[in-house]
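Residue-level listing of the chains:
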Amino acid sequence: LTHTATATLPAAFSDLLPHFLVEPEDEYIVKNKPVTLTCRSTPATQIYFKCNGEWVHQDDHLIERTVDPATALPVMQVTIDITRQQVEKIFGLDEYWCQCVAWSTTGTQKSQKAYIRIAYLRKNFEEEPQGKEVALDQEVLLRCHPPEGVPQAEVEWQRNEDVIDPASDPNFFITADHNLVIKKARLADTGNYTCVAKNIVARRKSTSATVLVYVDGGWSEWSKWSACGADCSMWRSRECTQPSPGTGGKDCQGLDLQSLNCTSEQCPQTVSGAEDVALYVGMVAVALCLTLLLIVVILVYRRKKEGLDADVADSSILTTGFQPMGIKPSKPENSHLLTIQPDLTTTTTSYQGTLRSRHDATGKFSMTNGPLLDPLPNGSHTLHNGKLNSDPAEFVSRLSTQTYFKTLPRDVANTSYGTFNFLGGRLTIPSTGISLLIPPEAIPRGKIYEIYLTVQRKEDLRLPLAGCQTLLSPVVSCGPPGVVLSRPVILSMDHCSDACLDNWAVRLKKQNYEGAWEDVLLMGEELVSEPYYCQLEAETCRLFSEQLGTFALVGESLHMGAAKRLRLVLFSDAYCSTLEYNIRVYCMDDTQDVFKEVMQMERQLGGRLIDEPHVLLFKDSYHNLRLSIHDMPQAHWRSKLLAGYQEIPFYHIWNGSQRYLHCTFTLERLSLSTCELTCQLCVWQVEGEGQSFSLDFNIAKDTRAVDSEFLLMDSNATALAGPSAFQIPYLIRQKICSSLDAPCPNGADWRMLAQRLKLERHMSFFASKASPTSVILDLWEAQHFHSGNINQLATVMADIGKQEAMIFLVSDGEC
């Protein structure tokens, strides 16, 4: 604090109000660097800052007093420092502002308000430029909406890393909303265009958009007609050279060679000889032979097709699928359908699983690296309708011996597998929300695949997350990878986002053969031509995939309104013989697989669940999570926590890679005879939402086990093959598809089915498939396996006016 002696205020100026020579200006806090606000006034006897309506403590002011030599008036300058923590305390309620108040002997004056904002620049562009192929001289528009930022980002455009300056090249124009316009595309404008956003915090680059300027070919003039030839015709030609097609431009359309019959006067006189007659006779004979051969081929093909259709249409396979073990099929002549012979022409490079024929194939073909799994006895597989009772431990053991699968966990409880053919089936990992639906016809006819489904432990397979990215789902593997599928399977798994795509950029990541993670889909911008497509429901993601592999959902918030769902779960010691008593509060991602793991771990620790779980929306506001305990009877209990609360750092939670994140409250009872515990436990995000638990129980008599009703163990089979895996019988499914696939003028087709089932957003995806109805029914099966009401689907069909497709539903289902 600096004091400078000043002269007595001249009498002529004793009635002056203070006026400001320097007023505080708006400032931005960059990273964690404080900002300094300055205020200077004359004549002034005191100056103090007020921030958000509260006076700043006098010890926080740095004061400097001087005298203006020209007027002999006292001048006073005051500075204060504002930190990021001060601004964050009121963040979200109002903007942080400060102003100074100056006093003189006459009165006071207030300065202008200075607003202090935390500067940032998000990573994700709200809209990035898209590559284009354009014709020469065509106008080109490249869009760019920079990331959210404070202060607002400035935008520049680059072509091949060089900054575009519209002032020096008037063919470019940058609009007020940051889009780039190429007025007339030139060949030299071909290149990679990048939108660059920058402010005082950072500089971000969009993904590059490739612009390819092509030239369509044009026609040269026709040449002159040729002389009349021996065949009594003349010719003329032209070439695609004005201009020649370039950089992917289209070739010229139309004929480049043209003929014309000559007049009788121009035609040379020729006489048909004996050799011409012989030629014509030979051509007629060849034509007759080809016609007879074609008739024979068609007859043979029809006979074979009738035999195949008789097998496929046999109701025994449509209504009962594969026969249960120990029961002979009702039609012996169709017993060969119980074991499907694989197509041995498929090489091991496209599918590294087990492809075995019904008969011993030894010596008929060999695999260089051997099959993925050891062959079953007698070299054959027999599929059974219903639950598959193979030993999962034996399967995981065999699977993990393969080179590619050595990284898979040997966790039998979190792995399921089964053997499937063209009738499809379903794999489920109990109590995790994770399942794999293999629709009918997804596996090509003649193939038998042994397929597995497993959930990975996050510490075994760390996902590289950058910046504000967060893991929103479990990491799930299904395989073997490389298996050939005729249509998409549906992988269902929980996610913990708020399910609002306006708040998130959600990406599907897939692990490649080298172990690296790749972005394969941006949610909301799916392309129907890609092998992956997602439906994001409130708590579940349904992934349509034409390839098996290892997948995970990763999100990056687009603004601070984005939130993750946390599941808050309380456990305590099941038995307490000491004065100390522990309460553990888990703050985990709200997905069933994590909840299952914590329950299993607490069972091993001997813990017990002491209240039902609560869900908390945790926002991307950089604020930590605080936990505190209140209202304990002080005469009987006290907390051993020294501070008023515990705190979990924001990024520990937001990252999503720590599974067992929790805080422990150690309480101490003053007497061993004290068994009643009543208290309030609060969990809240600073400047955000909170949840509270009212606890009231007896620590000695309460015997609630860890596997209470909140851990609903899935009692269903982990693997189901054939018709038992589906609610809709195979034959009824075929009837529905044939009834709704064909477009109907009044819209009573698959489109109305999608609308009735509230799936309108995916119309373009369904339309891209050979049978849109079949894909819609696949999704319905994935959504309603445990709780589906087949009568509800029948009602929808009746509303559409297609009840005839469901008329045999009850009788067929009971067969």
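Refer to the preceding data block for the structure.
Along each chain, residues carry numbers from 1 onward, in the same order as the chain's sequence is written. Reporting in this predicted model follows two pLDDT cut-offs: at least 70 for local features of residues, and 80 or more for side-chain atom pairs to be given and counted; totals over whole chains, interfaces and linings ignore these cut-offs and use all residues. Only hydrogens and water are set aside; all other atoms, that is, all heavy atoms of the structure, feed into the side-chain values.

Visitor: I tried to follow the state of the cysteines on my own but got confused; where do I start?
Guide: In a disulfide, the sulfur atoms of two cysteines are held together by a covalent bond. Sulfur atoms of two cysteines make up a disulfide when they are within 2.5 Å. The full count for this structure, using the stated rule, is five disulfides. Two residues share a disulfide in this structure: C51 and C98, whose sulfurs sit 2.0 Å from each other. Sign of the S-S torsion, about 110° for the bond between C51 and C98, identifies this disulfide as right-handed. Pair noted here: C51 is in strand 4 (residues 46-51) and C98 is in strand 8 (residues 96-103), with a separation of 47 residues, a long-range link. Assigned by exposure class, C51 and C98 land together as buried. The side chain of C240 participates in a disulfide bridge whose partner is C252; the two sulfur atoms lie 1.9 Å from each other. Disulfide C240 to C252: torsion about the S-S bond roughly 80°, handedness right-handed. One end of the pair, C240, is in the loop between strand 21 (233-237) and strand 22 (257-261); the other, C252, is in the loop between strand 21 and strand 22, with 12 residues separating them in the sequence. Neither residue differs from the other here; C240 and C252 are each classed as buried. Strands are runs of DSSP state E lasting at least two residues, helices are runs of H or I lasting at least four, and both sets are numbered from the N terminus onward. Classification of residues uses two cut-offs on accessible area relative to the type maximum, computed with a 1.4 Å probe and protein chains only: under 20% is buried, over 50% is exposed, and between them is partly exposed.

Visitor: Sorry, what's going on with the sheet that holds strand 1 (residues 19-22) here?
Guide: Strand pairing in a sheet relies on backbone hydrogen bonds. The paired strands run either parallel or antiparallel. At least two bridges found by DSSP between two strands is the condition for calling them paired. Taken in spatial order, the four strands of this open sheet run 1-3-7-6, and their pairing is antiparallel. Looking at strand neighbours, the two that pair on one side only are strand 1 and strand 6 (62-67), the edges of this open sheet. Put simply, the sheet's adjacent strands are angled 25° from each other on average, direction ignored. As paired elements, strand 6 and strand 7 (residues 74-82) share six bridges and run antiparallel to each other. Note on strand 7: the bridge partner recorded for R65 is M76. Axis definition: a line fitted to C-alpha atoms, limited for helices to the stretch in contact. Angles are taken between N-to-C directions and run from 0 to 180 degrees.

Visitor: Is there a simple way to think about the sheet that holds strand 40 (residues 625-630) in this case?
Guide: An order of 42-40-44-45 is seen for the four strands of this open sheet, with the pairing classed as antiparallel. In this open sheet, the two edge strands, each paired with only one partner strand, are strand 42 (646-648) and strand 45 (690-698). Going from strand to strand, the sheet's axes swing by 20° on average, the running direction of each strand aside.

Everything listed here is a matter of geometry and, on its own, says nothing about what the molecule does.
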